[in-house]
Amino acid sequence: DVKVTQSSRYLVKRTGEKVFLECVQDMDHENMFWYRQDPGLGLRLIYFSYDVKMKEKGDIPEGYSVSREKKERFSLILESASTNQTSMYLCASSSWDSNQPQHFGDGTRLSIL
Amino acid sequence: EDQVTQSPEALRLQEGESSSLNCSYTVSGLRGLFWYRQDPGKGPEFLFTLYSAGEEKEKERLKATLTKKESFLHITAPKPEDSATYLCAAYSGGYNKLIFGAGTRLAVHP
């Protein structure tokens, strides 16, 4: 079974802090994704990566950056956390084959105080 | 603009009461329609992929169907363990990027 592991289930940070969310997948997938999920808005794509050191902006990249130094690991960085970034963050991975689904981690619930 | 809309937002059923969830999409060049189940505090879990109008897929009490404008998730004789949020997502190409609907929260009561 595909396993996508997010380093923290719950995280509380203060405004202005630099925040790192980590994600690791064990299926040698090429593609990795970061989403945020808010009530009534569904999942919105922040950034994705299709290869090591490659990244593409999603629909809501402002205030975020990402890093992919190894194929299995994809990090989301909040450069200067703000209260409107309080949300559930979900990481996903998929193979290059578009017929294959994305597989998700269990999420990190991030609160910015 | 590509868009996916799910209805209803929430649905309450009695155990054994069959119903359907709707997923309408306006996506140019749909290449796949995905259904996921999400339990509270968990990430979405993959259920089905549909690729072309007329296609159907089944898993236990769930059956997903696809037309040119919408997809349905039919739930037959649901049980309380079917309670979850059901998400649909459309894929139109490009690095496997998905467009998600906001989900339907299903509650099945004994």
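As the structure is a prediction and not an experimental result, all values here were calculated from the model.

K.L.:
Looking at this model, I keep getting lost on the overall build of chain B. Mind explaining?
P.N.:
When helices and strands are tallied, chain B shows 0 helices and 11 strands. Taking the principal axes of the C-alpha coordinates as reference, chain B spans close to 45 × 30 × 20 Å. Expressed as a percentage of the 110 residues in chain B, the buried residues total 44%. Here the analysis covers contacts within chain B between residues at least 6 apart in sequence; of these, 55% occur between residues at least 24 apart. Here chain B displays about 5300 Å² of accessible surface, and carbon together with sulfur accounts for 47% of that area. When the 13 basic and 14 acidic side-chain charges of chain B are each reduced to a single mean position, those positions are 3 Å apart.

K.L.:
I'm lost on the sheet that holds strand S8 (residues 70–75) of chain B in this one. Help?
P.N.:
Two modes of strand pairing occur in sheets, parallel and antiparallel, and in both the strands are linked by backbone hydrogen bonds. Residue and element names in this part refer to chain B. Pairing is antiparallel in the open sheet, where 5 strands are placed in the order S1-S3-S8-S7-S6. Strands with a single pairing partner mark the edges of an open sheet, and in this sheet they are strand S1 (3–7) and strand S6 (56–59). Within this sheet the neighbouring strands show an average axis-to-axis angle of 15°, counted without direction. Direction of pairing for S1 relative to strand S3 (residues 19–26): antiparallel, over a ladder of 5 bridges. Across the sheet, the residue bridging to valine 4 is tyrosine 25, located in S3.

K.L.:
Is there a simple way to think about the pattern of salt bridges in this case?
P.N.:
Opposite charge on two side chains permits them to pair, given that their charged atoms come into close proximity. Residues and elements named next belong to chain A. According to the stated counting rule, one finds 11 salt bridges over all chains in the structure shown. Residue aspartate 28 is joined to lysine 71 by a salt bridge in which the shortest nitrogen-to-oxygen separation is 3.2 Å. Here lysine 71 lies in the loop between strand S7 (64–70) and strand S8 (73–78) and aspartate 28 lies in the loop between strand S3 (19–25) and strand S4 (31–38), a separation of 43 residues in the sequence. For lysine 71, a relative accessible area of 26% corresponds to the partly exposed category.

K.L.:
I'm lost on the interface of chain B and chain A in this one. Help?
P.N.:
For interface size, the figure often reported is the accessible area lost on association. Of the residues lining the interface, 20 residues belong to chain B; the matching set on chain A comes to 24 residues. With both sides pooled, the region where chain B packs onto chain A buries about 1800 Å², and carbon together with sulfur makes up 56% of that total. Joining chain B to chain A, the criterion identifies 1 salt bridge. Its salt-bridge partner being aspartate 106 of chain A, residue lysine 42 of chain B comes within 3.9 Å of it at the nearest N-O pair. Linking chain B to chain A there are 4 residue pairs in polar contact (both at pLDDT 80 or more). Where the side of chain B that touches chain A is concerned, the elements lending two or more residues are strand S4 (32–38), strand S5 (45–50), strand S9 (84–91) and strand S10 (98–100) of chain B. Among the elements that line the side of chain B that touches chain A, the one with the most residues is S4 of chain B, at 3 residues.

K.L.:
Please explain unusual backbone geometry as it appears in this structure.
P.N.:
Serine 7 of chain B connects to proline 8 of chain B through a cis peptide bond whose omega is -10°. For proline 8 of chain B, the location among the structural elements is in the loop between S1 and strand S2 (10–14). Although it is not a glycine, lysine 53 of chain A adopts a positive phi angle of roughly 65°. Here lysine 53 of chain A shows up in the loop between strand S5 (42–51) and strand S6 (54–57). The class for lysine 53 of chain A is exposed, based on a relative accessible area of 57%. Positive phi is not limited to glycine here, since glutamate 60 of chain B has a value of about 55°. Residue position: glutamate 60 of chain B is located in the loop between S6 and strand S7 (62–66).

K.L.:
Sorry, what's going on with the pairing of S8 of chain B here?
P.N.:
All names here are of chain B. The alternating pattern of S8 places Ser71, Leu73 and Ile75 on a buried face and Glu70, Phe72 and His74 on a face that is not buried. The sheet contact formed by S3 and S8 spans 6 bridges and is antiparallel. Along S8, the bridge assignment pairs serine 19 with isoleucine 75. Bridge count between S7 and S8: 5 bridges; the pairing is antiparallel. Across the sheet, lysine 63 pairs through a bridge with histidine 74, a residue of S8. From the end of S7 to the start of S8, which pair antiparallel, there are 3 residues.

Conventions used here
- Residues numbered from 1 in each chain as written.
- Chains lettered and ligands numbered in written order.
- Predicted model: local features only at pLDDT ≥ 70, side-chain atom pairs only at ≥ 80, totals over all residues.
- Heavy atoms only, no water.
- Helix = DSSP H or I, 4+ residues; strand = E, 2+ residues; numbered from the N terminus.
- Buried < 20%, exposed > 50% of the residue type's maximum accessible area, 1.4 Å probe, protein only.
- Contact = heavy atoms within 4.5 Å.
- Areas by Shrake-Rupley, 256 points an atom, 1.4 Å probe, with all protein chains shown as cover.
- Lys, Arg positive; Asp, Glu negative; His and termini not counted.
- Charge placed at Lys NZ, Arg CZ, Asp CG, Glu CD.
- Pairing = 2+ DSSP bridges.
- Axes fitted to C-alpha atoms, helices over the stretch in contact; angles between N-to-C directions.
- Salt bridge = Lys/Arg side-chain N within 4 Å of Asp/Glu carboxyl O.
- Buried area = accessible area lost by both parts, 1.4 Å probe.
- Polar contact = N/O pair within 3.5 Å; in protein donor to acceptor, adjacent residues only side chain to side chain.

None of this, on its own, says anything about what the molecule does.
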